[in-house]
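Now for the letters of each chain:
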Amino acid sequence: MDITILRELGFTEREVKVYISLLELGTSTAGPIAVKSRLPQTKVYETLGKLIDKGLVSYIVVSNEG
């Protein structure tokens, strides 16, 4: 995938890695995104927060109860 457009839009290197990982994985938790992007999970959470703030990704809360 050509990531030039993402950089032109102002994405940081981490944002590019996380965003591309999400595109490839689809709905995911932070763990698989960290593995795919080769970033520490703490950096994935931080970067996801920035992408959420920019309105580029969203999240849902899933309960494991019941």
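All values reported here derive from a predicted model rather than from experimental measurement.

S.K.: How should the layout of surface pockets be read in this particular structure?
M.R.: Here the idea is plain: a probe the size of a water molecule rolls over the atoms and shows the empty space left. Quantified by volume, the largest pocket comes out at close to 490 Å³. Residue lining of the largest pocket: 15 residues in total, with Ser28, Thr29, Ser58, Tyr59 and Ile60 positioned closest to the centre. Where the lining of the largest pocket is concerned, the elements lending two or more residues are helix 3 (30-37) and helix 4 (41-53). For the lining of the largest pocket, the element with the highest residue contribution is helix 4, accounting for three residues. Of the residues that constitute the lining of the largest pocket, the class distribution is ten nonpolar, five polar and no charged.

S.K.: Is there a simple way to explain the packing of aromatic side chains in this structure?
M.R.: For the structure shown, the criterion picks out one aromatic pair. With centroids separated by 5.5 Å and ring planes inclined at 70°, the aromatic side chains of Phe11 and Tyr19 adopt a geometry described as edge-to-face. With relative accessibility at 11%, the residue Phe11 sits in the buried group. The ring of Phe11 is capped by Lys54, whose NZ or CZ atom sits 5.9 Å from the centre of that ring.

Basis of the calculations
- Residues numbered from 1 in each chain as written.
- Predicted model: local features only at pLDDT ≥ 70, side-chain atom pairs only at ≥ 80, totals over all residues.
- Heavy atoms only, no water.
- 1 Å grid on protein atoms, 1.4 Å probe; cavity = no way out; pocket = protein on both sides within 12 Å on 5 of 7 lines; lining within 4 Å.
- Points joined across faces, edges and corners; volume = space filled by probe spheres on them.
- Helix = DSSP H or I, 4+ residues; strand = E, 2+ residues; numbered from the N terminus.
- Nonpolar A, V, L, I, M, F, W, Y, C, P; charged D, E, K, R; others polar.
- Phe/Tyr/Trp six-rings, centres within 6.5 Å; stacked < 30°, edge-to-face > 60°.
- Buried < 20%, exposed > 50% of the residue type's maximum accessible area, 1.4 Å probe, protein only.
- Lys NZ or Arg CZ within 6 Å of the ring centre and 35° of its normal.

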